[in-house]
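Descriptive analysis of the structure
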Amino acid sequence: MSTRYEAIRPERSVGRRARDQLMAAMPMAAERRVRLPGVDTAVLEGGDGPPIVLLHGQGEFAAVWIRVIPDLVRTHRVIVPDLPGHGASVASDSRLDTEAVLAWLDELIDQTCRGWPPVLVGHLLGGAIAARYAVRHGDRLAHLILVDTLGLGWFRPAPSFAMPMMSFVARPTAKGRDRLFNRCFLDMQRVGEETGEQWQPLLAYALDRARTPSVQAALRSLVTRVGMRPIPPGDLAQIGVPTDLIHGRQDLQVRLRTAEAASARYGWPLHVIEDCRDDPAAEQPEALLAALRTAIGTSRDSRAPGEDKSP
(Lines give C-alpha, C1' and ligand atoms only; values in the text may rest on other atoms or scores of the structure.)
Protein backbone atom coordinates (compact mmCIF):
# COMPACT_ATOMS: atom_id res chain seq x y z
CA MET A 1 0.00 0.00 0.00
CA SER A 2 1.47 3.33 -1.00
CA THR A 3 1.78 6.20 1.45
CA ARG A 4 2.15 9.76 0.26
CA TYR A 5 4.99 11.61 1.91
CA GLU A 6 5.38 15.33 1.91
CA ALA A 7 8.28 16.82 -0.02
CA ILE A 8 10.42 13.72 -0.44
CA ARG A 9 13.97 15.07 -0.58
CA PRO A 10 17.32 13.32 -0.04
CA GLU A 11 17.54 14.70 3.49
CA ARG A 12 14.09 13.28 4.24
CA SER A 13 15.02 9.71 3.21
CA VAL A 14 16.07 8.74 6.75
CA GLY A 15 12.68 9.80 8.09
CA ARG A 16 10.87 7.96 5.31
CA ARG A 17 12.76 4.75 5.98
CA ALA A 18 12.10 5.12 9.69
CA ARG A 19 8.36 5.45 9.10
CA ASP A 20 8.36 2.42 6.81
CA GLN A 21 10.08 0.40 9.53
CA LEU A 22 7.54 1.51 12.12
CA MET A 23 4.57 0.74 9.88
CA ALA A 24 5.95 -2.72 9.10
CA ALA A 25 6.13 -3.48 12.83
CA MET A 26 2.49 -2.52 13.49
CA PRO A 27 0.03 -5.42 14.00
CA MET A 28 -2.62 -3.53 12.05
CA ALA A 29 -4.70 -4.57 9.07
CA ALA A 30 -3.74 -1.51 7.06
CA GLU A 31 -2.53 2.03 6.96
CA ARG A 32 -4.75 4.07 4.68
CA ARG A 33 -5.37 7.63 3.63
CA VAL A 34 -8.68 9.11 4.72
CA ARG A 35 -9.78 12.41 3.24
CA LEU A 36 -11.20 14.44 6.09
CA PRO A 37 -12.10 18.15 6.27
CA GLY A 38 -8.94 20.02 5.32
CA VAL A 39 -6.63 17.10 6.11
CA ASP A 40 -5.40 14.18 4.00
CA THR A 41 -5.09 11.88 7.01
CA ALA A 42 -2.88 8.85 7.60
CA VAL A 43 -4.79 6.31 9.72
CA LEU A 44 -3.76 2.96 11.16
CA GLU A 45 -6.62 0.50 11.60
CA GLY A 46 -6.82 -3.06 12.86
CA GLY A 47 -8.59 -5.51 15.14
CA ASP A 48 -12.24 -6.33 15.69
CA GLY A 49 -14.75 -5.38 18.35
CA PRO A 50 -15.83 -2.06 19.84
CA PRO A 51 -13.79 0.83 18.43
CA ILE A 52 -11.12 2.72 20.31
CA VAL A 53 -9.58 5.88 18.83
CA LEU A 54 -6.10 6.90 20.02
CA LEU A 55 -5.00 10.54 19.61
CA HIS A 56 -1.32 11.25 20.17
CA GLY A 57 0.29 14.36 21.62
CA GLN A 58 1.85 17.47 20.11
CA GLY A 59 4.79 16.85 17.81
CA GLU A 60 4.13 13.10 17.81
CA PHE A 61 2.61 10.60 15.37
CA ALA A 62 0.51 7.43 15.46
CA ALA A 63 3.43 5.05 15.97
CA VAL A 64 4.10 6.40 19.48
CA TRP A 65 1.32 4.00 20.61
CA ILE A 66 3.35 1.03 19.35
CA ARG A 67 3.79 -0.58 22.79
CA VAL A 68 0.05 -0.76 23.54
CA ILE A 69 -1.47 -1.40 20.10
CA PRO A 70 -0.68 -5.16 20.02
CA ASP A 71 -2.72 -5.71 23.18
CA LEU A 72 -5.62 -3.47 22.15
CA VAL A 73 -6.14 -5.06 18.72
CA ARG A 74 -6.95 -8.37 20.43
CA THR A 75 -10.18 -6.98 21.82
CA HIS A 76 -10.98 -3.77 19.91
CA ARG A 77 -11.08 -2.19 16.52
CA VAL A 78 -8.18 0.23 16.93
CA ILE A 79 -8.08 3.50 14.98
CA VAL A 80 -4.89 5.55 15.26
CA PRO A 81 -4.55 8.68 13.11
CA ASP A 82 -1.69 11.08 12.68
CA LEU A 83 -3.11 14.38 13.96
CA PRO A 84 -3.62 17.17 11.40
CA GLY A 85 -0.28 18.37 10.10
CA HIS A 86 1.57 15.70 12.09
CA GLY A 87 3.26 12.50 10.91
CA ALA A 88 2.08 11.84 7.35
CA SER A 89 -1.23 13.74 7.70
CA VAL A 90 -1.12 16.74 5.37
CA ALA A 91 -3.26 19.75 6.29
CA SER A 92 -4.35 22.02 3.45
CA ASP A 93 -4.10 25.00 5.82
CA SER A 94 -1.51 25.06 8.58
CA ARG A 95 -3.57 27.65 10.52
CA LEU A 96 -5.48 24.99 12.39
CA ASP A 97 -7.91 25.94 15.13
CA THR A 98 -10.46 24.30 17.42
CA GLU A 99 -13.27 24.33 14.86
CA ALA A 100 -11.10 22.77 12.18
CA VAL A 101 -9.71 20.00 14.35
CA LEU A 102 -13.12 19.11 15.85
CA ALA A 103 -14.65 18.87 12.36
CA TRP A 104 -11.71 16.63 11.41
CA LEU A 105 -12.26 14.35 14.41
CA ASP A 106 -16.02 14.17 13.88
CA GLU A 107 -15.56 13.00 10.31
CA LEU A 108 -12.81 10.57 11.34
CA ILE A 109 -15.23 8.90 13.75
CA ASP A 110 -17.92 8.84 11.05
CA GLN A 111 -15.64 7.15 8.53
CA THR A 112 -13.84 4.66 10.75
CA CYS A 113 -16.11 3.60 13.63
CA ARG A 114 -18.90 2.05 11.57
CA GLY A 115 -21.69 3.55 13.62
CA TRP A 116 -20.32 2.34 16.97
CA PRO A 117 -19.65 4.93 19.69
CA PRO A 118 -15.89 4.69 20.27
CA VAL A 119 -13.76 4.94 23.34
CA LEU A 120 -11.79 8.13 22.68
CA VAL A 121 -8.30 8.25 24.21
CA GLY A 122 -6.28 11.46 24.01
CA HIS A 123 -2.71 12.09 25.15
CA LEU A 124 -1.40 15.63 25.85
CA LEU A 125 -2.63 17.75 22.88
CA GLY A 126 -4.72 14.78 21.74
CA GLY A 127 -6.40 14.89 25.15
CA ALA A 128 -7.30 18.56 24.75
CA ILE A 129 -8.81 17.76 21.35
CA ALA A 130 -10.70 14.78 22.77
CA ALA A 131 -12.07 16.76 25.74
CA ARG A 132 -13.20 19.64 23.53
CA TYR A 133 -14.90 17.10 21.26
CA ALA A 134 -16.67 15.48 24.22
CA VAL A 135 -18.04 18.86 25.32
CA ARG A 136 -19.93 19.07 22.03
CA HIS A 137 -20.39 15.46 20.97
CA GLY A 138 -20.30 13.34 24.10
CA ASP A 139 -23.37 11.50 22.87
CA ARG A 140 -21.22 10.05 20.08
CA LEU A 141 -18.72 8.47 22.51
CA ALA A 142 -18.75 5.40 24.73
CA HIS A 143 -16.01 6.69 27.03
CA LEU A 144 -13.47 9.52 27.23
CA ILE A 145 -9.98 8.82 28.56
CA LEU A 146 -7.53 11.68 29.01
CA VAL A 147 -3.85 10.75 29.41
CA ASP A 148 -1.59 13.46 30.89
CA THR A 149 -3.87 15.80 29.04
CA LEU A 150 -3.56 19.43 28.11
CA GLY A 151 -6.62 21.64 28.45
CA LEU A 152 -7.37 21.19 32.15
CA GLY A 153 -5.35 24.30 32.99
CA TRP A 154 -2.87 26.66 31.36
CA PHE A 155 0.04 24.86 29.71
CA ARG A 156 2.82 25.74 32.13
CA PRO A 157 5.41 22.98 32.15
CA ALA A 158 8.16 22.85 34.74
CA PRO A 159 11.18 25.02 33.82
CA SER A 160 13.31 21.88 33.61
CA PHE A 161 11.03 20.72 30.79
CA ALA A 162 10.26 24.07 29.18
CA MET A 163 13.88 24.98 28.43
CA PRO A 164 14.80 21.83 26.45
CA MET A 165 11.36 21.90 24.78
CA MET A 166 11.81 25.46 23.50
CA SER A 167 15.39 24.73 22.46
CA PHE A 168 14.37 21.67 20.44
CA VAL A 169 11.44 23.42 18.77
CA ALA A 170 13.70 26.32 17.79
CA ARG A 171 16.53 24.12 16.54
CA PRO A 172 15.71 20.41 16.14
CA THR A 173 18.88 18.36 16.53
CA ALA A 174 19.49 14.80 17.70
CA LYS A 175 21.19 16.12 20.83
CA GLY A 176 18.28 18.47 21.56
CA ARG A 177 15.77 15.68 20.96
CA ASP A 178 17.49 13.41 23.44
CA ARG A 179 17.73 16.20 26.01
CA LEU A 180 13.98 16.77 25.68
CA PHE A 181 13.09 13.07 25.70
CA ASN A 182 15.07 12.68 28.90
CA ARG A 183 12.47 15.02 30.42
CA CYS A 184 9.57 13.12 28.85
CA PHE A 185 10.69 9.82 30.39
CA LEU A 186 11.83 9.01 33.89
CA ASP A 187 14.26 6.46 32.44
CA MET A 188 14.80 6.98 28.72
CA GLN A 189 17.43 4.25 28.48
CA ARG A 190 15.03 1.66 29.87
CA VAL A 191 12.26 2.80 27.52
CA GLY A 192 14.61 2.38 24.57
CA GLU A 193 15.73 -1.08 25.67
CA GLU A 194 12.17 -2.27 26.22
CA THR A 195 10.92 -0.81 22.93
CA GLY A 196 13.59 -2.82 21.13
CA GLU A 197 14.32 -2.52 17.44
CA GLN A 198 11.59 0.09 16.90
CA TRP A 199 13.32 2.59 19.21
CA GLN A 200 15.81 3.97 16.71
CA PRO A 201 13.15 4.41 13.98
CA LEU A 202 10.96 6.24 16.51
CA LEU A 203 13.82 8.60 17.34
CA ALA A 204 14.69 9.13 13.68
CA TYR A 205 11.13 9.83 12.61
CA ALA A 206 10.53 12.19 15.54
CA LEU A 207 13.57 14.24 14.50
CA ASP A 208 12.55 14.18 10.83
CA ARG A 209 9.06 15.47 11.62
CA ALA A 210 10.40 18.15 13.97
CA ARG A 211 12.53 19.46 11.09
CA THR A 212 9.61 19.59 8.63
CA PRO A 213 8.27 23.16 8.15
CA SER A 214 4.61 22.14 7.72
CA VAL A 215 4.73 20.07 10.90
CA GLN A 216 6.31 22.99 12.75
CA ALA A 217 3.51 25.28 11.55
CA ALA A 218 0.75 22.82 12.52
CA LEU A 219 2.34 22.28 15.92
CA ARG A 220 2.49 26.00 16.66
CA SER A 221 -1.09 26.51 15.55
CA LEU A 222 -2.63 23.59 17.44
CA VAL A 223 -0.74 24.10 20.68
CA THR A 224 -1.51 27.82 20.70
CA ARG A 225 -5.17 27.57 19.72
CA VAL A 226 -6.25 24.19 21.12
CA GLY A 227 -3.81 23.00 23.79
CA MET A 228 -2.31 25.95 25.63
CA ARG A 229 -5.44 27.62 26.97
CA PRO A 230 -7.61 25.83 29.52
CA ILE A 231 -11.01 24.56 28.46
CA PRO A 232 -13.58 26.62 30.41
CA PRO A 233 -14.63 24.74 33.57
CA GLY A 234 -18.27 25.25 32.64
CA ASP A 235 -17.65 23.39 29.39
CA LEU A 236 -15.84 20.53 31.09
CA ALA A 237 -18.69 20.22 33.58
CA GLN A 238 -21.04 19.61 30.65
CA ILE A 239 -19.26 16.43 29.56
CA GLY A 240 -21.82 13.70 30.06
CA VAL A 241 -19.88 10.71 28.74
CA PRO A 242 -18.00 8.59 31.35
CA THR A 243 -14.55 10.14 31.70
CA ASP A 244 -11.32 8.86 33.26
CA LEU A 245 -7.95 10.52 33.78
CA ILE A 246 -4.63 8.66 33.51
CA HIS A 247 -1.50 10.51 34.62
CA GLY A 248 2.19 9.84 35.19
CA ARG A 249 3.15 10.72 38.73
CA GLN A 250 6.39 12.48 37.73
CA ASP A 251 4.99 14.36 34.69
CA LEU A 252 6.88 17.63 34.06
CA GLN A 253 4.62 18.88 31.24
CA VAL A 254 1.29 18.69 33.05
CA ARG A 255 1.75 18.40 36.79
CA LEU A 256 -0.18 15.69 38.60
CA ARG A 257 -1.89 18.31 40.73
CA THR A 258 -3.71 19.55 37.62
CA ALA A 259 -5.27 16.12 37.08
CA GLU A 260 -6.00 15.77 40.80
CA ALA A 261 -7.89 19.07 40.80
CA ALA A 262 -9.92 18.06 37.74
CA SER A 263 -10.71 14.68 39.26
CA ALA A 264 -11.99 16.32 42.44
CA ARG A 265 -13.95 19.00 40.58
CA TYR A 266 -15.67 16.83 37.97
CA GLY A 267 -15.76 13.47 39.73
CA TRP A 268 -13.61 11.79 37.10
CA PRO A 269 -11.65 8.73 38.31
CA LEU A 270 -7.89 9.34 38.29
CA HIS A 271 -5.45 6.49 37.63
CA VAL A 272 -1.90 7.50 38.65
CA ILE A 273 0.92 5.66 36.86
CA GLU A 274 3.96 5.18 39.04
CA ASP A 275 7.55 5.58 37.83
CA CYS A 276 6.36 7.56 34.83
CA ARG A 277 6.52 11.08 33.45
CA ASP A 278 4.26 12.27 30.62
CA ASP A 279 4.07 9.22 28.32
CA PRO A 280 2.61 6.12 30.02
CA ALA A 281 2.05 4.35 26.67
CA ALA A 282 5.80 4.30 26.08
CA GLU A 283 7.18 4.20 29.64
CA GLN A 284 4.65 2.03 31.50
CA PRO A 285 2.51 0.33 28.83
CA GLU A 286 1.23 -2.46 31.07
CA ALA A 287 0.10 0.01 33.71
CA LEU A 288 -1.59 2.14 31.06
CA LEU A 289 -3.37 -0.90 29.63
CA ALA A 290 -4.54 -1.92 33.10
CA ALA A 291 -5.95 1.57 33.67
CA LEU A 292 -7.63 1.49 30.24
CA ARG A 293 -9.20 -1.88 30.98
CA THR A 294 -10.50 -0.62 34.31
CA ALA A 295 -11.99 2.46 32.65
CA ILE A 296 -13.42 0.70 29.62
CA GLY A 297 -15.00 -1.90 31.87
CA THR A 298 -17.29 0.82 33.21
CA SER A 299 -18.45 1.90 29.73
CA ARG A 300 -22.10 1.07 29.16
CA ASP A 301 -22.48 2.05 25.51
CA SER A 302 -19.53 0.37 23.80
CA ARG A 303 -21.65 -2.07 21.82
CA ALA A 304 -22.96 -1.62 18.32
CA PRO A 305 -26.24 0.24 17.75
CA GLY A 306 -29.14 -2.14 18.16
CA GLU A 307 -27.29 -4.55 20.45
CA ASP A 308 -28.87 -5.45 23.79
CA LYS A 309 -27.27 -3.15 26.39
CA SER A 310 -28.92 -4.67 29.41
CA PRO A 311 -26.61 -6.10 32.07
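Structural data are supplied above this passage.
The structure displayed is predicted, hence computed values, not measured ones. (Residues numbered from 1 in each chain as written. Predicted model: local features only at pLDDT ≥ 70, side-chain atom pairs only at ≥ 80, totals over all residues. Heavy atoms only, no water.)

Observations concerning the overall build of the protein
Filter applied, for reference: For helices the rule is a DSSP run of H or I covering at least 4 residues; for strands it is a run of E covering at least 2, with both sets numbered from the N terminus onward. Atoms counted for the radius of gyration: C-alpha only. Globule rule: 2.2 Å times residue count to the power 0.38. To sort residues, take the accessible area from a 1.4 Å probe on protein chains only and compare it with the maximum for the residue type: under 20% means buried, over 50% means exposed, and anything in between is partly exposed. Note on contacts: a residue pair qualifies if any of its non-hydrogen atoms lie within 4.5 Å across the two residues. To be clear on the numbers: accessible area is Shrake-Rupley with a 1.4 Å probe, and residue cover counts the displayed protein chains and nothing else. We count Lys and Arg on the positive side and Asp and Glu on the negative side, and we leave His and both chain ends out. Taken as the charge location is NZ of Lys, CZ of Arg, CG of Asp or CD of Glu.
In terms of regular secondary structure, the protein is built from 13 helices and 9 strands. Scaling as 2.2 N^0.38, a compact globule of 311 residues should have a C-alpha radius of gyration of about 19 Å, and the protein matches this with 18 Å. For the C-alpha atoms alone, the extent of the protein along its principal axes is close to 55 × 45 × 35 Å. Across the 311 residues in the protein, those meeting the buried criterion constitute 57%. Relative to all contacts within the protein whose residues are 6 or more apart in sequence, the contacts with residues 24 or more apart total 76%. Working note: accessible area of the protein is about 13100 Å², and carbon and sulfur atoms make up 50% of it. Across the protein, the mean location of the 38 positive side-chain charges is 6 Å away from that of the 37 negative side-chain charges.

Here's the deal with helix α4 (residues 125–137)
For clarity, the threshold we go by: Residue count minus one, scaled by 1.5 Å, sets the expected span of a helix.
End to end, α4 covers 18 Å across 13 residues, agreeing with the expected 18 Å (1.5 Å per residue, within 8%). α4 sits mainly inside the fold: 11 of its 13 residues count as buried. Turning to α4, its buried residues number three or more, namely Leu125, Gly126, Gly127, Ala128, Ile129, Ala130, Ala131, Arg132, Tyr133, Ala134 and Val135.

Some points on the environment of Leu252
Within the secondary structure, Leu252 is located in the loop between β8 (243–248) and α11 (256–266). Distance from Leu252 to Leu186, taken between C-alpha atoms, is 9.9 Å for residues 66 residues apart in sequence.

What about the pattern of salt bridges?
Put simply, the rule is: Salt bridges are counted wherever a side-chain nitrogen of Lys or Arg sits within 4 Å of a carboxyl oxygen of Asp or Glu.
Applying the stated criterion across every chain yields a total of 17 salt bridges. Salt-bridge contacts for Asp71 lead to Arg74; the nearest nitrogen and oxygen are separated by 3.3 Å. Here Asp71 falls in the partly exposed class, since its relative accessible area comes to 22%. What makes Arg74 exposed here is its relative accessible area of 63%. Its salt-bridge partner being Arg140, residue Asp110 comes within 2.4 Å of it at the nearest N-O pair. In this pair, Asp110 is assigned in helix α3 (residues 98–112) and Arg140 in the loop between α4 and β7 (143–147), connecting sequence segments 30 residues apart. For Arg140, a relative accessible area of 25% gives the class partly exposed. Residues joined by salt bridges that share partners form a network here, namely Arg67, Arg190, Glu194 and Glu283.

With respect to the layout of surface pockets
Going by this rule: Computed over the protein atoms alone on a 1 Å grid, cavities are sets of points where a 1.4 Å probe fits but cannot get out and pockets are open sets with protein on both sides within 12 Å along at least five of seven lines; a residue lines them when it has an atom within 4 Å of a point. Grid points are joined across faces, edges and corners, and a volume is the space filled by probe spheres set on the points. Note on residue classes: Ala, Val, Leu, Ile, Met, Phe, Trp, Tyr, Cys and Pro are nonpolar, Asp, Glu, Lys and Arg are charged, and everything else, Gly too, is polar.
What the largest pocket holds in volume is close to 820 Å³. Around the largest pocket, the lining comprises 38 residues; the ones closest to its centre are Gln58, Gly59, Glu60, Leu180 and Leu219. Secondary-structure elements contributing two or more residues to the lining of the largest pocket are α5 (159–170), α6 (174–184), α7 (188–195), α8 (199–210) and α9 (213–227). Sort the elements by how many residues they give to the lining of the largest pocket and α8 lands first, with 7 residues. The computed volume of the second largest pocket comes to approximately 190 Å³. In this structure, the second largest pocket is lined by 13 residues; those nearest its centre are Gly153, Trp154, Arg156, Arg255 and Thr258. Within the lining of the second largest pocket, the residues separate by chemical class into 5 nonpolar, 5 polar and 3 charged.

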